[in-house]
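# Observations on the three-dimensional arrangement
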Amino acid sequence: DVKVTQSSRYLVKRTGEKVFLECVQDMDHENMFWYRQDPGLGLRLIYFSYDVKMKEKGDIPEGYSVSREKKERFSLILESASTNQTSMYLCASSPGDRGASHFGNGTRLTVT
Amino acid sequence: DQQVKQNSPSLSVQEGRISILNCDYTNSMFDYFLWYKKYPAEGPTFLISISSIKDKNEDGRFTVFLNKSAKHLSLHIVPSQPGDSAVYFCAASGRSNSGYALNFGKGTSLLVTP
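Residues numbered from 1 in each chain as written. Chains lettered and ligands numbered in written order. Predicted model: local features only at pLDDT ≥ 70, side-chain atom pairs only at ≥ 80, totals over all residues. Heavy atoms only, no water.

### Some words on the overall build of chain A
Helix and strand counts for chain A stand at zero helices and eleven strands. Counting from the amino terminus, chain A carries its helices and strands in the arrangement β-β-β-β-β-β-β-β-β-β-β. Its C-alpha atoms give chain A a radius of gyration of 13 Å, near enough to 13 Å, the size a compact globule of 112 residues would have. In terms of principal-axis extent, the alpha carbons of chain A reach across some 40 × 25 × 25 Å. By the burial criterion, 48% of the 112 residues in chain A qualify as buried. Here the contacts in chain A between residues at least 6 apart in sequence split such that 54% fall between residues at least 24 apart. Surface summary for chain A: the accessible area is close to 5400 Å², and the carbon and sulfur share equals 48%. Taking the average place of the 16 positive charges on the side chains of chain A and the average place of its 15 negative ones, the gap between the two points comes to 6 Å. (Helix = DSSP H or I, 4+ residues; strand = E, 2+ residues; numbered from the N terminus. Rg over C-alpha atoms; globule rule 2.2 N^0.38 Å. Buried < 20%, exposed > 50% of the residue type's maximum accessible area, 1.4 Å probe, protein only. Contact = heavy atoms within 4.5 Å. Areas by Shrake-Rupley, 256 points an atom, 1.4 Å probe, with all protein chains shown as cover. Lys, Arg positive; Asp, Glu negative; His and termini not counted. Charge placed at Lys NZ, Arg CZ, Asp CG, Glu CD.)

Listed below in structure tokens is the structure:
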């Protein structure tokens, strides 16, 4: 069965901290994505990667960076967390160009 | 700019009846459309998809209809069950600056009442 695992379900961090969100998939998918979900805004794409060491900006990349050193792992980094980055973060992976994305259960990040 | 729009934030339907969730898109480059279901505190779960070469796709109680000329798609759930109560997201993809990443609507919260 397809599995995308996000390392933490809940995180509380202070303003200015560097935050790492980790995501691992076990399906050998080429593509991996980071979204954030906010009430009334749906899911918005932060960054995506279509291959190891490759990354592309999504719609809202400001304040974030990513790392993909291995095919199965895609990390989202908040260089200096701010309160407006309090959100639900969702990682997803998909095969090839047209496969449906499979999502992890999300990380709810609170920045105080 | 929202390229995928779900104009109904919520919908309430009686058990056994049909649920119809609607979605509109603006980008004519989109050629693959998906519906996801999301329960609280869980990630979205893929439900059903349709390619732009089709106008209908069916999977059990779920059917998706695509009207390309109107840039409109809809998800029909028949018969609706209380377990279908969740937030439903419409998503679309097509070659763009974001590769084949999905563009999501804001979601419609479906409540199926017994």
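### A short note on the sheet that holds strand β1 (residues 4-6) of chain A
Residues and elements named next belong to chain A. Spatially, β1-β3-β8-β7 is the arrangement adopted by the four strands of the open sheet, whose pairing is antiparallel. In this open sheet, the two strands that pair with only one neighbour each are β1 and β7 (64-70). If you compare each strand with its neighbour and ignore which way they point, the axes differ by 20° on average. Of the strand pairs in this sheet, strand β3 (residues 19-25) and strand β8 (residues 73-78) are connected by six bridges, and their pairing is antiparallel. Bridge assignment links Phe20 to a residue of β8, and that residue is Ile77. (Pairing = 2+ DSSP bridges. Axes fitted to C-alpha atoms, helices over the stretch in contact; angles between N-to-C directions.)

### Quick word on the sheet that holds strand β6 (residues 56-59) of chain B
Residue and element names in this part refer to chain B. In spatial order, the strands read β1-β3-β8-β7-β6; together these five strands make up an open sheet with antiparallel pairing. Pairing within the sheet leaves two strands with one partner each, and these edge strands are β1 (4-5) and β6. Sheet topology places strand β7 (residues 62-67) next to strand β8 (residues 72-77); six bridges connect them, and they run antiparallel. Bridge assignment links Asn67 to a residue of β8, and that residue is His72.

### Here's the deal with the packing of aromatic side chains
Residues and elements named next belong to chain A. Inspection of the entire model under this criterion finds 13 aromatic pairs over all chains. With a centroid separation of 6.2 Å and an interplanar angle of 25°, the aromatic rings of Phe33 and Phe48 are classed as stacked. Placement of Phe33 in strand β4 (residues 31-38) and of Phe48 in strand β5 (residues 42-49) is noted, with a sequence separation of 15 residues between them. A residue is classified by how much of its surface remains accessible, and Phe33, at 3% relative accessible area, is buried. Judged by its relative accessible area of 4%, Phe48 falls in the buried class. (Phe/Tyr/Trp six-rings, centres within 6.5 Å; stacked < 30°, edge-to-face > 60°.)

### What about the pattern of salt bridges?
By the definition in use, this model includes six salt bridges over all chains. Lys71(A) serves as the salt-bridge partner of Asp28(A), at 3.1 Å between the closest nitrogen and oxygen. Highlighted residues: Asp28(A) in the loop between β3 and β4 and Lys71(A) in the loop between β7 and β8, separated in sequence by 43 residues. Measuring nitrogen to oxygen at the nearest pair gives 2.8 Å for the salt bridge that ties Arg61(B) to Asp84(B). Pair noted here: Arg61(B) is in the loop between β6 and β7 and Asp84(B) is in the loop between β8 and β9 (86-93), with a separation of 23 residues, a long-range link. Residue class for Arg61(B) comes out partly exposed when judged on its relative accessible area of 21%. (Salt bridge = Lys/Arg side-chain N within 4 Å of Asp/Glu carboxyl O.)

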